[in-house]
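Observations on chain architecture
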Amino acid sequence: MDELSLLADLHREGQRQGPGGVEETRLAIRLSGLRAWTGLKIADIGCGTGASSLVLAQDLKADVTAVDFLPDFLEKLDRTAQAAGLDHRITTHAASMEALSFADASLDAIWSEGAIYNMGFAQGIQSWRRFLKPGGILAVSELTWLTRERPAELTDHWMRAYPEVDTASAKMAVLEDNGFAPTGYFALPRHCWLDNYYRPLQARFANFLSRHAADPMAAELVAAEEAEIALYERNADYVSYGFYIARKTTD
Ligand code: SAH
């Protein structure tokens, strides 16, 4: 199995594939002002198995297009949406976030939790902006430094893994420089990482390793995840996902 298939196999059974939470998605919805809108068209980009797509479809009068490049995740979302009676509101779409085919100015909101880093924050907001109507909402969560000073092991790890990691003020400047007015920000609390993401992930390691006992890449993948978890546990005061809510300004 290649690395991406292994990752999909490890993460498919999770309710989410990154840090986040239902209450935090709801807080971002509140900060977005979208609750007052009707007939909404929203794209959830890098939706995974749809943790946020399901909340958006449930809480808003919205049609949600849930986009991910892994069909396995989308199949699971289709099943969950059907079981929750939300399938009339959620359409899944397998595509790369780097080659989206929405019409210009066709979306009221773009949502993306823990996924924009795959193409980079600046690149993502620049290339997705044209899909939003004027005044449309962008809501993204993104790896963010909580402090200016940090332990070197943390800075070194994330500067290697994701050099765009930065403070919230720097991320907001990127938004402002690219035609967005920030309207809300909060950092995900620790339980979004530990209780909602890392603990359930760790609980799947044993079965995953026995399913792929002959594959050294599976063991390497688990070791890398364990190292990331331990790094987070030592440094939770300094890093989180920031949730950025911003409005598209007129050109
Ligand atoms: N939003 C979900 C998933 C976050 S994990 C949640 O919060 O639970 C990041 C997701 O981005 C994964 O589902 C992964 O399959 C997807 N992804 C990674 N690179 C992508 C790309 N180039 N195009 C589309 N989706 C991508």
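To be clear, the structure that these remarks concern was listed above.
This report concerns the structure included in the present document.

What counts, and at which threshold
Residues numbered from 1 in each chain as written. Predicted model: local features only at pLDDT ≥ 70, side-chain atom pairs only at ≥ 80, totals over all residues. Heavy atoms only, no water. Helix = DSSP H or I, 4+ residues; strand = E, 2+ residues; numbered from the N terminus. Expected span 1.5 Å × (residues − 1). Bend = angle between axes of the 7 residues up to and from the residue. Axes fitted to C-alpha atoms, helices over the stretch in contact; angles between N-to-C directions. Parallel < 35°, antiparallel > 145°, perpendicular 65-115°, else oblique. Left-handed = near helix turned anticlockwise from the far one by under 90°. Contact = heavy atoms within 4.5 Å. Buried < 20%, exposed > 50% of the residue type's maximum accessible area, 1.4 Å probe, protein only. Arc of directions from axis to C-beta. Core = buried A, V, L, I, M, F, W, Y, C linked by side-chain atoms within 4.5 Å. Near = heavy atom within 4 Å. Polar contact = N/O pair within 3.5 Å; in protein donor to acceptor, adjacent residues only side chain to side chain. Areas by Shrake-Rupley, 256 points an atom, 1.4 Å probe, with all protein chains shown as cover.

1. Digging into helix α8 (residues 190–211)
Its 22 residues give α8 an end-to-end C-alpha distance of 30 Å, which sits within 8% of 32 Å, the value for a rise of 1.5 Å per residue. The sharpest bend along α8 reaches about 35° and sits at Tyr-198, with the proline Pro-200 one to four residues further on.

2. A look at the packing of helix α6 (residues 152–161) against helix α9 (residues 216–235)
Relative orientation of the contacting elements α6 and α9 amounts to 135°, with a least axis distance of 10 Å. Accordingly, the angle class assigned to the pair α6 and α9 is oblique. Between α6 and α9 the crossing geometry is left-handed. Here Glu-153, Leu-154, His-157 and Trp-158 of α6 lie close against α9, whose contacting residues are Glu-228, Leu-231, Arg-234 and Asn-235.

3. Structural notes on helix α7 (residues 168–177)
Since the α-helix turns once every 3.6 residues, residues separated by three or four places project in the same direction. By the burial criterion, the buried members of α7 are Ala-168, Lys-171 and Leu-175. Buried residues of α7, seen end-on, are gathered within an arc of 65° and therefore sit on one face of the element. Opposite the buried face of α7, at more than 90 degrees from it, the exposed residues are Glu-176 and Asp-177. On its buried face, α7 is in contact with α5 (121–128), β5 (132–145), β6 (166–167), β7 (180–187) and β8 (239–248). Just downstream of α7, Gly-179 is the residue with a positive phi angle, here 80°.

4. Quick notes on the nonpolar core
If you look at the biggest cluster of nonpolar residues, it comprises 76 residues, and the most contacted ones within it are Ile-90, Trp-111, Trp-128 and Leu-138. The biggest single contributor to this core is α8, with eight residues. Residues contacting Ile-90, with those up to four places away along its chain left out, are Ser-53, Leu-54, Ala-57, Val-64, Ala-66, Leu-77 and Ala-81.

5. Digging into the site of the ligand
As a matter of local geometry, the ligand sits amid 17 residues, with Gln-17, Gly-46, Asp-68, Met-97 and Glu-113 nearest to it. Within the backbone of Phe-69, a nitrogen or oxygen atom sits 3.3 Å from a nitrogen atom of the ligand. One nitrogen or oxygen atom from the main chain of Met-97 is found 2.8 Å from a nitrogen atom belonging to the ligand. Within the complex, 93% of the 570 Å² of free accessible area of the ligand lies under protein.

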